[in-house]
Structure formats: C-alpha cells, structure tokens
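# Structural description and commentary
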Amino acid sequence: MSLDADDEILQDFLVEASEILEQLNEQLVELEQRPDNTDLLNTVFRGFHTIKGGAGFLALTPLIEVCHRSEDIFNLLRNGEKQLTASMMDVFLQVLDVLNGQFDSLRAMEEPESASGGLLQALEAIKRPGNDEPVAAVATAVPEVVPSAPQSTAAGSSEGTAPQPEGDITDEEFEALLDALGGNAASPSEPAPAVVGESAGGGANDEITEEEFEALLDQLHGKGQFVPAVAAAATPLATATPASGRGDEEITEEEFEALLDQLHGKGQFSVDSPPAAQSGQPKPAAAPKPASAPEHPAVVAPVREERKKPEAAPQAETTVRVDTARLDDIMNMVGELVLVRNRLSTLAGEDLAQAREEMTKAVANLDVVTGDLQMAVMKTRMQPIKKVFGRFPRVVRDLARSLSKDVALEMVGEETDLDKNLVEALADPLVHLVRNSVDHGIEMPAVRESLGKPRQGTVRLTAQQEGDHILLTIEDDGAGMDPERLKQIAIKKGVLDEDAASRMDDREAFMLIFAPGFSTKEEISDISGRGVGMDVVKTRISQLNGSVEIDSQVGKGTLLSIKVPLTLAIMPTLMVKLGEQNFALPLVNVNEIFHLDLTATHMVDGQRVVMIREKALPLFYLSGWLVNGVSTELPKSGHVVVVHVGTMQVGFVVDHLIGQEEVVIKPLGALLHGTRGMAGATITGDGKIALILDVPSLMKAYA
C-alpha cells in the first residue's frame, strides 16, 4: 500500500488508534493487578480489534498480524479458557511497543516493519491449549536475530549429532560442535559446495549463530576469501571461486545482501524457507536444538536489527480534541466582538466630545469580550494532564519488576487541564522523577519489612490548579534523603567546598541532587548513577518558567513539588524601566519589591549586598548589564526587585516600576535568537516593544 499524507482516512485512523494505544498502556498494567476483571478484558480485546479493523481497511498487514494474534489470546482470556500471568503480560507489553513503533513509521509516511518472527511465534505459543506459562525467559533476555543459513546434512557426520544436555552450551562445546558439523569446516583445503535455491526439508526454522554463519561462508568461498560477485548475483548458482586480496574482514551490509542473492536468487530470501544445498555436494549438518529450548523462541528484536535506521525524534501531536460546546461559546463571543466593532465604527463618525461616554462604554465592553475570548481560545489548547500520567503505570511496573521491588502507584487530579505544549514538555522530566522515586526512594521489600513498613512501597502523583499555576507533586514513602550525606557527597565530587556546605540549610542541601554530575548511587547501572538526569530535569522545568522544591525526612520519604504556569502563550509579568527601555520580569520569579537607600549597602567578597531581615541579599544593577551608555556612578536610591533563582534570592536594582501586566510572548527574530538572558519579546499597551527577561540564564550570563 502507498501511504499518502493527505489521506483523510489514514489520518483519522492514526488519531483514533493512537488514543487506543495510550489507553491500552494503562489498561494492560491495571489488568495485571486485576486479571479476573471481565470488563477490563473486554475493553482490551475491543482495543486490539478496533486497531486490527482499521489496519485491515488500509491493508496494513504488519499491524494486522500482531493485532489478530493478540485479539485471539484476549478472546481466550475473557472466555476463561486461559489465565493471565506476568510472563504473558511481558509479551503483551512488548506487543504494545511494536505497535507504537509501527505507528511512528506511519506518521512519518513510511511502511511499517513487520514484527519479529520470535514475537509472532511467542503469541502463537500462548494460544496453544494448556500453555499458560509461555515465556519463562522472554522478558529478561532479548537475543538478537541472525539470518538463517542453508539447512543441510553432512555425509559421515552422524557421530557429531549427539543430543545436547539441558541448558546453554559452553564456548568449548560450541567449538567442538562446529568442528563436528563440517569436519573442521574452516579448512580452506576442502571443496566448497555450490548452492541452489531449493527448499529445505526438516528443521527449516532453525537459526544459526554468527560463528556458524562465518563457518558457512568459509565453506562456500574458502577461509577469508569471500567477495560478493555482482555479476553472479543474478544467476541461481554461486560458485566458490576465491578472490584475491581479501583479508579476514567482516562483510558489509551490501556484501551480505549480495550473498543472499547468490544463495537464494535475487529477492527470494525468506527466513521461513531457507534453501538446501545441492544434492551430491558435501553439506554441513544442522546444529541440534538444546533440549531445554522452549517451543517458541524468546521475543526478539526485529530481523536485521543492525540495519535499522537511526530513530528520529518523536513528532509532537498536531491534533487536539475540542468539545463542541466550547466551540459554540467561542462563536458567540466572536459575534459579540463583531457587535462591538460595529459600535466603535459608528462612534468614530460622531463628534468625539459628545460620544466620549458612549466610546468609554464600548471600550469597556470590548475589554470584557476580548478577555473572555482569550480565555476560551486558551481552553481549546488545554488537555488533561492524564495524557502524561497515563504512561506512569507502565513505567513503574517495568522498573519495579526489573529491580525486584513491590511498588504501588497512586494518581490524583488526572483531569487537571494544562496547556498542550506544557503537557508534552513535562512528559520526560516527570518520567525521570518517577523513575528516580522508584529506584532511589523505595526500599527493597525485605528492608521495608525489617523497618516495620509494609512490603509494598507507594509513589503518589498529584496535580492541582493553584491560581494561574499548576502544582505537581511526586511523593514516596521510601528511605528519604539525609542532608548531611548529600553535603558530603557534594564535597567529595567537588560540587561545593566544606565552608559552603556548612552554611547550607536542609532545603538547600536537598537541591544538590540537581547539580550536574551529582548522584547518590555508588555503582552505575542502566537506570541511574551517572548524575546526568536531575540537572536536565531542573533545566527543563526552568525553561518552562517553572520551579521545583524538595522536602524529605530520613526513613519517612520524599516530597518533590513542581510549579508551572497554566500556559506558555500568555505570561503575567512585572514591567520595569531601565533608562528609556521597557523590560518584563516573569512574575513567577518575583518574590517582593521594596524601595531602598542604596548608600546603606555593603561589599562582601567583592559582591554588593544589602541586609534584609538579618540576611545578606546580593544586589545587581540591571542597567549595567542591559543598557548601553549608563553612568558608572551608582544611584543613591532605587527600586529593588527580589527574585529567586532555584533556592537563592537576589535583588535587581531598576530605575522605574511600571506595574503588573499580562503579555503575549513573541519569539525573538533570527538575529536575536539565542541572546543570553532573553526569553522573548512583547508589545506593550503603548505600542512599544519590551524584552522579556529569562532570570536563570540572565544570572548565568552576567553574574
């Protein structure tokens, strides 16, 4: 099937199926906890059935293959013919990963790849009657698929086909097996067989290892002599004429493709039907399966994993669902706006002195209508934060299973609305923080029991609206954090010195986990220990004009609070004036404002400070940073805006205060893009341009 980006049916299918996959991610994890829930089984069954139906209409065979088998299994489960197990769930979750990958290809207008043969065979094995524990080792080991070799038997090699004992063979046993297969197959003095593309007999589905494949190449072409013959690729018979100048190098992808064409005929290679060696020629024997091998192979990566293209960055969703009632409200407000416009047009033709009062009323009405319209349009961009929360049950389940921990996830406030861009931007930081709580916070079940805690730990995720901000909290009942230990680790890693550590309070010590390179793990694992995660989280939240705070008690747990604005499109700011230029400070960073006699300041270690409530507050003159041609003589008095950067507070001295104003953020032009300390620009009420300051990057650039 050819994919067309303008195909309305395909686009509708992508939107609908993507929502189903998001729901299946949650439903499968919930089903593992409640395997006897008939309604949930029916819902999951319908999900796979719906995707299969849409894929069938669009002739997307790779999706149909996976969904059809999954649908059959859930039909057996809901009819009580099978019982759901954790091993089955490992396979179903991998099915979900495969489907997500196939849909990513569809969104990029590429043909989706078929699922690996191992995954499809694992699903078939689950369907077999009486097979309720299908995959004892599927989730823990994901072997790489290698191409199947020609299946054949060797004359006089019956003594080398003794059955293998239970379990994996050793390297020495494997080498002996290779020698037995072809009578020391690597010997270049033996005649190399010619190969034709006929179907093999028994054992056609056996897979060979890379070493066995290399031995086969040596048999075909002589030790280290393989060179693909492009001209011979079109003929069914491949001769083993040695090529000169070839060393013991690994073959390239192109050479491998040429070899397949030689062995099977151009474009005829199939994993399920490997060719047999021509009769009458010496043929290597097939390696017998170990007795302990399961009937179906483990779920594996797609065939020829090494040839996969580098993964592109996932595309952000370009659609959003809007309630029709909300659209009706917007239409009514647009009608009101038209009436106000008509009224203003009428008043414009009248004598201004007589129409002043009517003009004032019309402008006031315009203010109300535009305000309501602004809020209504903003709400169309709002999405429930459940879109982010929905991925956490799977994250916690997989991580707890890999760490052998027992963790329950509680989610509160999933229906809280948030700007669509913020929902997408918060996904990765929140996933990292939740993983951090499970990995670092929750103790092992035996440890929790010894401390008098329940074996099952709890991670609680909440979201709630506070004014024009959203408050997100991640709380666990784990081991908590020891501030003194955090200080010692920071000193050891060179993050701060002992003098600075001694002046830190507990809350500041907790924030050390966001320092680059900081980690409390002594051993590096694939989950944590590298110290490159939390600082990225902090940076990302700061870019969203958000803030993060931590509170923790040793032995009780940790509470992490994130505060972000409802939307990134409109920002409440404090407008200030430096010289003749207006600047906007994000109100989320502003703590307080006061007028100060600047002659009462002091110099401490080269930094000008002022004592506020018995605490030294560093002072910085914004005019010296942002305005050219400013006098070096310091003013005797001025307005000080106290802002916070992380846990630190500083004072910005400004010339004039204008007041609070909500502004629409506009990106900087190409010439100014990336300017340090600038988050964007806006147009003020008097028509002038004001630059919006990015406080964290401003401090990093100048202080």
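Given the structure is predicted, the values throughout are model-derived calculations rather than measurements.

Here is what the cut-offs are and how they apply
Residues numbered from 1 in each chain as written. Predicted model: local features only at pLDDT ≥ 70, side-chain atom pairs only at ≥ 80, totals over all residues. Heavy atoms only, no water. Helix = DSSP H or I, 4+ residues; strand = E, 2+ residues; numbered from the N terminus. Buried < 20%, exposed > 50% of the residue type's maximum accessible area, 1.4 Å probe, protein only. Areas by Shrake-Rupley, 256 points an atom, 1.4 Å probe, with all protein chains shown as cover. Phe/Tyr/Trp six-rings, centres within 6.5 Å; stacked < 30°, edge-to-face > 60°. Contact = heavy atoms within 4.5 Å. Salt bridge = Lys/Arg side-chain N within 4 Å of Asp/Glu carboxyl O. Core = buried A, V, L, I, M, F, W, Y, C linked by side-chain atoms within 4.5 Å. Pairing = 2+ DSSP bridges. Axes fitted to C-alpha atoms, helices over the stretch in contact; angles between N-to-C directions. Parallel < 35°, antiparallel > 145°, perpendicular 65-115°, else oblique. Left-handed = near helix turned anticlockwise from the far one by under 90°. Nonpolar A, V, L, I, M, F, W, Y, C, P; charged D, E, K, R; others polar. pLDDT = per-residue confidence, 0-100. 1 Å grid on protein atoms, 1.4 Å probe; cavity = no way out; pocket = protein on both sides within 12 Å on 5 of 7 lines; lining within 4 Å. Points joined across faces, edges and corners; volume = space filled by probe spheres on them. Arc of directions from axis to C-beta.

## Some thoughts on the overall build of the chain
Looking only at helices and strands, one finds 20 helices and 20 strands in the chain. Scored against the burial criterion, the 703 residues of the chain give a buried share of 42%. Accessible surface, the chain as shown: approximately 37,500 Å² in total, 51% of it carbon and sulfur.

## Some remarks on the packing of aromatic side chains
Evaluated as defined, the whole model comprises seven aromatic pairs. Seen in terms of ring centroids, Phe13 and Phe103 are 5.5 Å apart; in terms of plane orientation they differ by 40 degrees. Their pairing is tilted. Highlighted residues: Phe13 in helix α1 (residues 8-33) and Phe103 in helix α4 (residues 86-107), separated in sequence by 90 residues. Considered together, Phe13 and Phe103 belong to a single accessibility category, that of buried residues.

## A closer look at the environment of Ile474
With respect to the helices and strands, the residue Ile474 is situated in strand β7 (residues 469-476). The buried category is assigned to Ile474, whose relative accessible area is 3%. Separated by 64 residues in sequence, Ile474 and Glu410 have C-alpha atoms that sit 9.9 Å apart. Excluding residues within four positions of it along the chain, Ile474 makes contact with Leu430, Leu433, Val434, Ser437, Val459, Arg460, Leu461, Thr558, Leu559 and Leu560.

## As for the pattern of salt bridges
Opposite charge on two side chains makes pairing possible when the charged atoms of those side chains draw close. A complete count under the given rule lists 24 salt bridges for this structure. Between Arg107 and Asp104 there is a salt bridge, and its shortest N-O distance comes to 2.8 Å. Of this pair, Arg107 and Asp104 both sit in helix α4, three residues apart, which is roughly one turn of the helix. The exposure class assigned to Arg107 is partly exposed, which follows from its relative accessible area of 31%. The salt bridge involving Glu592 is made with Arg613; its shortest N-O contact spans 2.4 Å. With Glu592 in strand β12 (residues 590-597) and Arg613 in the loop between β14 (607-612) and β15 (615-621), this residue pair connects regions lying 21 residues apart in the sequence. Three or more residues joined by partner-sharing salt bridges are found here, namely Glu32, Asp90, Asp97, Arg394, Arg397, Asp398 and Arg401.

## Observations concerning the nonpolar core
Membership of the largest hydrophobic core comes to 51 residues, with the highest contact counts inside it found for Leu472 and Ile562. For this core, the element with the most residues is helix α13 (residues 420-441), which contributes 10 residues. Beyond its immediate chain neighbours, meaning those up to four positions away, Leu472 contacts Ile385, Phe389, Leu426, Leu430, Thr462, Ala463, Leu560, Ser561 and Ile562.

## Describing the sheet that holds strand β8 (residues 547-553)
Read from one edge to the other, the open sheet built from five strands follows the order β4-β6-β7-β9-β8, with strand pairing classed as mixed. Strands with a single pairing partner mark the edges of an open sheet, and in this sheet they are β4 (407-412) and β8. Going from strand to strand, the sheet's axes swing by 15 degrees on average, the running direction of each strand aside. Sheet topology places β7 next to strand β9 (residues 557-565); eight bridges connect them, and they run antiparallel.

## Comments concerning the packing of α1 against helix α12 (residues 392-403)
For the pair α1 and α12, interaxial distance at closest approach is 8 Å and the crossing angle is 45 degrees. As far as their axial angle goes, α12 and α1 are oblique. Crossing geometry of α1 relative to α12 is assigned as left-handed. Judged by residue contacts, Asn25, Glu26, Val29 and Glu32 of α1 engage Pro393, Arg394 and Arg397 from α12. Split into classes, the residues belonging to the contact of α1 with α12 amount to two nonpolar, one polar and four charged.

## Considerations on the pairing of β15
Bridge count between β14 and β15: four bridges; the pairing is antiparallel. By the bridge assignment for β15, Ile612 is matched with Lys615. Taking the residues between adjacent antiparallel strands as the criterion, β14 and β15 are bridged by two residues, where Arg613 takes a positive phi near 50 degrees. As judged from the three bridges shared by β15 and strand β17 (residues 648-654), these two strands associate in the parallel manner. Within β17, the position partnered with Leu619 by the bridge is Gly651.

## Details of the sheet that holds β14
The strand order across the open sheet built from six strands is β12-β16-β17-β15-β14-β13, with neighbouring strands paired in mixed fashion. Among the strands making up the open sheet, the edge pair consists of β12 and β13 (602-604). With direction set aside, neighbouring strand axes in the sheet form an average angle of 40 degrees. Pairing of β13 with β14, which is carried by three bridges, proceeds in the antiparallel orientation. Looking across to β14, one finds that Val604 is bridged to Gln607. Packed on one face of the sheet, helix α20 (residues 695-702) meets β15, β16 (637-645) and β17 and runs near 80 degrees to β17.

## Some details on the pairing of strand β20 (residues 689-693)
For strand β11 (residues 581-586) and β20, the ladder comprises two bridges, and the chain directions are parallel. Looking at the pairing, Phe583 lines up with Leu691 of β20. Hairpin connection of strand β19 (residues 678-683) to β20: five residues between the antiparallel strands, including Gly687 at a positive phi of 90 degrees.

## Observations concerning the confidence of the model for the chain
Mean pLDDT over the chain works out to 75, with 71% of the residues at or above the 70 mark. Across residues 135-167, where pLDDT falls below 50, the model places 73 contacts with residues more than four positions away in sequence or in other chains. Under a pLDDT of 50 for its full length, residues 270-313 has, in the predicted model, 109 contacts with residues more than four places off or in other chains.

## Looking at empty space enclosed by the protein
All told, the structure shown has four cavities of 30 Å³ or more when counted by the stated rule. By volume, the second largest cavity amounts to about 80 Å³. Around the second largest cavity, the lining residues are His469, Asn545, Pro565, Thr567, Leu568, Ile570, Met571, Pro572, Pro586, Leu587, Val588 and Ile665. Among the residues making up the lining of the second largest cavity, the classes are represented as nine nonpolar, three polar and no charged.

## Quick notes on α20
Every α-helix winds through 3.6 residues per turn, so residues three or four apart in the chain are directed the same way. Those residues of α20 lying buried are Val695, Leu698 and Met699. The buried residues of α20 all sit within an arc of 95 degrees when viewed along its axis, so they share a single face. Turning to α20, the residues buried within the fold contact β11, β15, α19 (622-626), β16, β17 and β20.

## Here's the deal with unusual backbone geometry
Its identity as a non-glycine residue notwithstanding, Met109 has a phi of 60 degrees, on the positive side. In this fold, Met109 is placed in the loop between α4 and α5 (117-127).

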